[in-house]
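Here is how the chains run, residue by residue.
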Amino acid sequence: MKSIFASLRFCGRPFPAFRLAILLLTVQCLLLTALAQGVPSPKDVLGFTPGDDRKLASWAQVVEYFQKLDASSDRVIFREIGKTTEGRPFVYAVISSAENLKKLDEYVAINDRLADPRMIKRDDDEAKKLIAQGKTFVLITHGIHSTEVGSTLSSMLTAHRLATGDDTDIKKILDETIIVIVPSLNPDGVDKVKNWYDKTLGTKFEGTNPPELYHKYVGHDNNRDWYAFTQVETQLTVKHIHNAFHPQIVHDIHQQGTNASRFFLPPYEPPVEPNVPQQLIDGYTEIGNYMAKMMRDDGFEGITTNTTYDAWTPARAYSHYHGGVRILSETASANLATPIEVKFEDLRGRLGYDAKTVSKNFGPVWKGGKWTLRDITKYMTTGAFYLMKHAAENREQWLSKFYEIGKEATRSRTDGDVVAFILPNPDDGKEGPSEDLFNRMALISILKRGGVEVNTTDDLKVDYKPYGKNTAIVEMSQPYGAFAKALLENQTYPNLIDDEGKPIPPYDVTAHTLSLLMGVKAEPVYGLISYSNAEHGAGRGCGKKADNAESDLVWNGIYRSPQPSMDEGWTRWVFERELDVHCEATYSSIGNREILNGKGLPRNAIIFPDQSPDSILNGYKEGTMPDEYVGGLGENGVANLKAYVERGGTLVFLNRSSDFAIDQFKLPIKDVTDGVKRKDFYIPGSILRTELDTSHPIAKAMPKESIAWFEDSPAFEVLDDTTVKVIARYPSDPAKVLLSGWAFGTEKLAGKAALVEVKMGKGKIVLFGFRPQYRGQALATFPLLFNAIQR
């Protein structure tokens, strides 16, 4: 038989067979070398494919994977930008075409100029040139809530496809967009959850959540920190990613419960916070509906839009006040990485849809059955790629929206508009610096971290009225004036009532007036202002840590239940912050074991953060968690706490834990909110006005009028005023109770106590009917908490 090589010709002449053989061997060798040095798949690094049942990656493995992508692909740049709360690397990756990445600084500079049209003198022609040259920046964030394990796993699948894909859609995405991927906004939690999952794998506790907060201090509330910037991870993300790249689109990938829709996408249900630009409302509506349509066309089921989640607060949506849409996705969960079976009859809806019925906001119906981690990552990655496709195909549209938002933000304000907010100097004409001045400095620091321009002046005049020295002014005519306005004005949440006359709950809370929470006066200005800049400052910090034997605030304990409480984490964070700032407020964590033993208790005070009475008294039920985490304080713990107070100790109860104290210690106090129906009384996370008895040591040096953060809170009626002292109460006029947010049925609170002290033996019990350290923001009421534990 004639050899195949003999039939091949080169330039019309027979090609020698031996030379062709050598050529083929050479090509084969080169191909094998290229494959050996090629882009690794996640499985090459992890040993499994993200989405495999019962497999989770450690944070070190995730970082290693992105490092290897960077080393092997000219489409990927990997960066570490700092350390997490517990010292792990905080990282992100930039992915685009090799040509775009070579000019990354140039594209960032274009975005800078479009974000602040003052840099191009608001010249539309110059803007059009920049828009023609620029790229859509898309930020995709994963894993802020660490028990939502599919999110961080899907980041590696998305990155791998972008780094290796060669199809038309991928090429378009790489050419027209710059993708910034954050594999996890909470790397510490990646390991906390994996360690617990691996520990319980194969036991009846497989798939349970860890018995600790998955962020050291704030747990789930790390996604409520996008305007106060209290946590390291938030600060790193804002400084090095949001403010550095100015993304037009932010895709925040989450998971939700197991029995509702399979997938949520915007638009969001009402209400929308009034400072969110209309262009962004239109933008998230368009892209959310596009993603939902494309996924339905691909056969994905159980998709809902315009339900469940709102766009009311900057706490979850930094980008909505910085020129970019936030596209939240929420995928149904399994039991961490363990598959589950969901019966059709167990499916339930949420506000706006029924998961068993097709409607305008939901469909097609998922019929139930097995639900796995692979399903989760498939929904997540498919949604992400359709989002990126829309960003690529509509590049000029997204950049034009971005410019128009900045142009509107920087326009001159006219009569009827809020022109500025003034933050007067609380120490003007006084010896200082005072705590009030430090609070104002903290607020200004937050605004500046959010990109807001804040000026200080010694010669401010408003409608020719002069202000004192070191007055701060925040003008609204600036790129992020809307962000400042949202934090400095009082919120008026709409009165949303259902067909049964009950208030419709918001997704989270209804107030975010940071100036009220921090006790800083913020005056809106509508008229003419004139001033020149002046620089003022005052140092704040602990020069020398207090000796425990000499400090006024020592030997204090914070109760830490086996059932994690975010408020407990926030309390620890606040105490550690105060230690850094004031050289005081030392503490230790106190658990059930110490209280049940009656040994090792702090000599001064124990603080019980906001937690349900049942979780304090009974804890985890037997069989739901390993034995070492089961149970609460029980009768013996209560008896030991009572003895602790009678010997001279102090017990401080915050918010819902106050009801534990009322019931277990038989205090002569009634919670007037107990048992009241929602149609008669409802206050979902609002700022209320309180009146203080400043003659009491707990309210010493405080203003006579203060605030209370009211959320699932009690209010007190005193039944025996011989043993109970009222320190704070709500105004007797119901119309004066609410300061910011939403309050339904304030007549229930009028004149009732918000903070009381009860004498017991040689000690005392202090009940707060609110959270005085709310999410690390309520500086106005921090002193009440610390005064309560003064010896």
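Residues numbered from 1 in each chain as written. Predicted model: local features only at pLDDT ≥ 70, side-chain atom pairs only at ≥ 80, totals over all residues. Heavy atoms only, no water.

K.L.:
Tell me about the packing of aromatic side chains, and name the residues and values.
P.N.:
All chains considered together, the criterion is met by 34 aromatic pairs. Here Tyr65 and Phe66 contribute two aromatic rings whose centre-to-centre distance is 5.9 Å and whose plane-to-plane angle is 80°, an arrangement assigned as edge-to-face. There is no split in this pair, since Tyr65 and Phe66 are both buried. Judged by centre distance (4.8 Å) and plane angle (20°), the rings of Phe608 and Phe653 are stacked. Taken together, the residues span a long stretch of sequence, with Phe608 in strand E25 (residues 605–608) and Phe653 in strand E26 (residues 650–654) at a distance of 45 residues. Here Phe608 falls in the buried class, since its relative accessible area comes to 0%. Of the aromatic side chains, those joined through ring pairs into one cluster are Phe263, Phe300, Trp366, Trp371 and Tyr379. The lysine or arginine in question, Arg161, covers the ring of Phe385, its NZ or CZ lying 4.1 Å from the ring centre. (Phe/Tyr/Trp six-rings, centres within 6.5 Å; stacked < 30°, edge-to-face > 60°. Buried < 20%, exposed > 50% of the residue type's maximum accessible area, 1.4 Å probe, protein only. Helix = DSSP H or I, 4+ residues; strand = E, 2+ residues; numbered from the N terminus. Lys NZ or Arg CZ within 6 Å of the ring centre and 35° of its normal.)

K.L.:
Explain the side chain of Asn655 to me, and be specific about the residues and the numbers.
P.N.:
Among the secondary structure elements, Asn655 is positioned in the loop between E26 and helix H21 (657–664). Owing to a relative accessible area of 0%, Asn655 belongs among the buried residues under this scheme. Looking at Asn655, its side chain comes within polar contact range of the side chain of Asp610, at 3.3 Å. Those residues in contact with Asn655, other than ones at most four positions away along the chain, are Asp610, Glu711, Asp712, Ser713, Pro714, Phe768, Gly769, Phe770 and Arg771. (Polar contact = N/O pair within 3.5 Å; in protein donor to acceptor, adjacent residues only side chain to side chain. Contact = heavy atoms within 4.5 Å.)

K.L.:
I'd love a proper account of the side chain of Ser155, names of residues and values included.
P.N.:
With respect to the secondary-structure elements, Ser155 resides in helix H7 (residues 150–164). A distance of 2.6 Å separates a polar side-chain atom of Ser155 from the backbone oxygen of Thr152. The contacts of Ser155, once residues within four sequence positions are left out, are Phe66, His142, Ile181 and Pro183.

K.L.:
So what's going on with the pattern of salt bridges? Residues and values would help.
P.N.:
Taken as a whole, this structure holds 39 salt bridges when the rule is applied. Of the charged contacts, one joins Arg572 and Glu568 as a salt bridge, the two residues approaching to 2.5 Å between their closest N and O atoms. On the criterion of helical spacing, the pair formed by Arg572 and Glu568 is a turn pair, its members being four residues apart in helix H17 (residues 566–582). Residue Arg572 is classed as buried on the basis of its relative accessible area of 2%. Arg771 is the partner of Glu711 in a salt bridge, and the nearest nitrogen-oxygen pair spans 3.3 Å. Remark: Arg771 occurs in the loop between strand E34 (763–768) and helix H22 (782–788) and Glu711 occurs in strand E29 (residues 705–711); sequence separation between them is 60 residues. (Salt bridge = Lys/Arg side-chain N within 4 Å of Asp/Glu carboxyl O.)

K.L.:
Give a detailed account of the sheet that holds strand E5 (residues 136–142), specifying residues and quantitative values.
P.N.:
Strand order across the open sheet formed by nine strands is E3-E4-E6-E5-E7-E12-E8-E10-E14, with mixed pairing between neighbours. Edge positions in the open sheet fall to strand E3 (76–83) and strand E14 (362–363), since each of these has one partner strand only. Helix-sheet contacts for helix H3 (residues 59–72) involve E3, strand E4 (89–95) and strand E6 (177–182), and the interaxial angle to E3 is about 140°. (Pairing = 2+ DSSP bridges. Axes fitted to C-alpha atoms, helices over the stretch in contact; angles between N-to-C directions.)

K.L.:
Describe the layout of surface pockets, naming the residues involved and giving the relevant values.
P.N.:
Of the volumes computed, that of the second largest pocket is approximately 1,100 Å³. If you go around the second largest pocket, you meet 43 residues; those closest to its centre are Asp436, Asn439, Gly519, Pro703 and Ala780. Partitioning the lining of the second largest pocket into residue classes produces 21 nonpolar, ten polar and twelve charged. (1 Å grid on protein atoms, 1.4 Å probe; cavity = no way out; pocket = protein on both sides within 12 Å on 5 of 7 lines; lining within 4 Å. Points joined across faces, edges and corners; volume = space filled by probe spheres on them. Nonpolar A, V, L, I, M, F, W, Y, C, P; charged D, E, K, R; others polar.)

K.L.:
Summarise unusual backbone geometry; cite the residues concerned and give the values.
P.N.:
The linkage connecting Pro266 with the following residue, Pro267, adopts the cis geometry, with an omega of 15°. When you line up the elements, Pro267 lands in the loop between strand E8 (263–265) and strand E9 (269–272). Phi at Asn655 takes a positive value of approximately 55°, unusual for a residue other than glycine. Not every positive phi belongs to a glycine, and Asp712 is a case in point at roughly 50°. Positionally, Asp712 belongs in the loop between E29 and strand E30 (716–718). The class for Asp712 is exposed, based on a relative accessible area of 57%.

K.L.:
With reference to specific residues and values, describe the environment of Asn495.
P.N.:
By secondary structure assignment, the location of Asn495 is in the loop between helix H15 (481–488) and helix H16 (514–517). By relative accessible area, Asn495 is classed as exposed at 52%. Taking the C-alpha atoms as reference points, Asn495 and Trp742, separated by 247 residues in sequence, lie 7.5 Å from one another. Here Asn495 is in contact with Trp742 and Phe744, once residues within four sequence places are set aside.

K.L.:
Got a sec to walk through the sheet that holds strand E21 (residues 523–525)? Specific residues and values, please.
P.N.:
Within the open sheet, the four strands sit side by side as E17-E20-E16-E21. Their pairing is antiparallel. Every other strand in the sheet has two partners, leaving strand E17 (455–457) and E21 as the edge strands with one partner each. Ignoring strand direction, the axes of neighbouring strands in this sheet form an average angle of 30°. Here strand E16 (residues 420–423) pairs with E21 via three bridges, running antiparallel. Directly across from Ile422, in E21, lies its bridge partner Glu523. Its contacts with the sheet put helix H14 (residues 435–449) on E16 and strand E20 (471–475), and the angle it makes with E20 is roughly 25°.

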